[in-house]
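# A closer look at the structure
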Amino acid sequence: ETGVTQSPTHLIKTRGQQVTLRCSSQSGHNTVSWYQQALGQGPQFIFQYYREEENGRGNFPPRFSGLQFPNYSSELNVNALELDDSALYLCASSLGLRDRGQNTEAFFGQGTRLTVV
Amino acid sequence: RKEVEQDPGPFNVPEGATVAFNCTYSNSASQSFFWYRQDCRKEPKLLMSVYSSGNEDGRFTAQLNRASQYISLLIRDSKLSDSATYLCVVDQGGKLIFGQGTELSVKP
């Protein structure tokens, strides 16, 4: 077990609705990254949070937003859901670049499978 | 052009076979390189890091050629349990860039 937990594990939403996905990071880690994985594709980087600040963003529209809390857990919010948002959403916990030294590994949660109908 | 490109799959091989996966990346500033394994409907898990000097972990050998921007993974003596999707991953400043994955199916 990685110690990274995501909730919920599965979710069905209707087009146009909003969704919040949650991730608790591994103890000692201060960075959470979120990824979207469509069926048959590799994970795509959405954004990263380091010590509660956004620290890089991929090619996703503003309706994808996030938060990181003082305990380094994180939320991913998606507004105005579209059918193409159906995917596995993964969060990865790690140490920030300035903190990691040789400890570069990122640990993934089991993911939230979102279906938009 | 995708930032990380892998061999399209799937690879169907018999037990005991040797199989090689190839990957290229486009950003020469990439800093770290990995192979991840992903089982069906599960999260990706780190298989091994990849270094220019090459590294081996049991039946698995990974190689990096920075000049060619090329990464490889060799699996010797394939086992049924090696069946999974193998993801080539490049770290760009803490952001992981994944290839699309190559599915491996090892048959008895």
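Data block above holds the structure.
Residues numbered from 1 in each chain as written. Chains lettered and ligands numbered in written order. Predicted model: local features only at pLDDT ≥ 70, side-chain atom pairs only at ≥ 80, totals over all residues. Heavy atoms only, no water.

## Description of the overall build of chain A
Of regular secondary structure, chain A possesses one helix and eleven strands. In chain A, the succession of helices and strands from N to C terminus is β-β-β-β-β-β-β-β-β-α-β-β. Its C-alpha radius of gyration of 14 Å places chain A within 12% of the 13 Å reference for a compact globule of 117 residues. Its C-alpha atoms give chain A principal-axis dimensions of roughly 45 × 30 × 25 Å. Counting all 117 residues of chain A, 51% fall into the buried class. Between the mean site of the 9 positive side-chain charges and the mean site of the 10 negative ones, chain A shows a separation of 3 Å. (Helix = DSSP H or I, 4+ residues; strand = E, 2+ residues; numbered from the N terminus. Rg over C-alpha atoms; globule rule 2.2 N^0.38 Å. Buried < 20%, exposed > 50% of the residue type's maximum accessible area, 1.4 Å probe, protein only. Lys, Arg positive; Asp, Glu negative; His and termini not counted. Charge placed at Lys NZ, Arg CZ, Asp CG, Glu CD.)

## Here we look at the nonpolar core
B:F21, B:W35, B:I71, B:L73, B:I75, B:Y86 and B:L104 are the most contacted members of the largest nonpolar core, which totals 25 residues. Elements supplying a minimum of two residues to this core: strand 2 (11–14), strand 3 (19–25), strand 4 (32–38), strand 5 (45–50), strand 7 (60–65), strand 8 (70–75), strand 9 (84–92) and strand 11 (102–107) of chain B. With residues up to four places along the chain from it excluded, the contact list for B:F21 reads B:D7, B:F11, B:W35, B:I71, B:S72, B:L73, B:I75, B:Y86, B:T102 and B:L104. Judged by nonpolar contacts, the second largest core, of 20 residues, contains A:C23, A:V32, A:I46 and A:F64. (Core = buried A, V, L, I, M, F, W, Y, C linked by side-chain atoms within 4.5 Å. Contact = heavy atoms within 4.5 Å.)

## As for the state of the cysteines
Residue and element names in this part refer to chain B. This structure, assessed with the given rule, holds two disulfides over all chains. The disulfide partner of C23 is C88, and the S-S distance across this bridge is 2.0 Å. Around the S-S axis, the bridge from C23 to C88 shows a dihedral of about -75° and counts as left-handed. Here C23, found in strand 3, pairs with C88, found in strand 9; they are 65 residues apart in sequence, far enough to count as distant. Classification of C23 as buried rests on a relative accessible area of 1%. (Disulfide = S-S within 2.5 Å.)

## Side note on the sheet that holds strand 7 (residues 64–68) of chain A
Residues and elements named next belong to chain A. What the four strands build is an open sheet, ordered 1-3-8-7; its pairing is antiparallel. A single partner strand is all that each edge strand has here, and the edge strands are strand 1 (5–7) and strand 7. The mean inter-strand angle of the sheet, taken between neighbouring strand axes irrespective of direction, is 15°. Direction of pairing for strand 1 relative to strand 3 (residues 19–24): antiparallel, over a ladder of three bridges. Within the sheet, the bridge partner assigned to S7 lies in strand 3 and is R22. (Pairing = 2+ DSSP bridges. Axes fitted to C-alpha atoms, helices over the stretch in contact; angles between N-to-C directions.)

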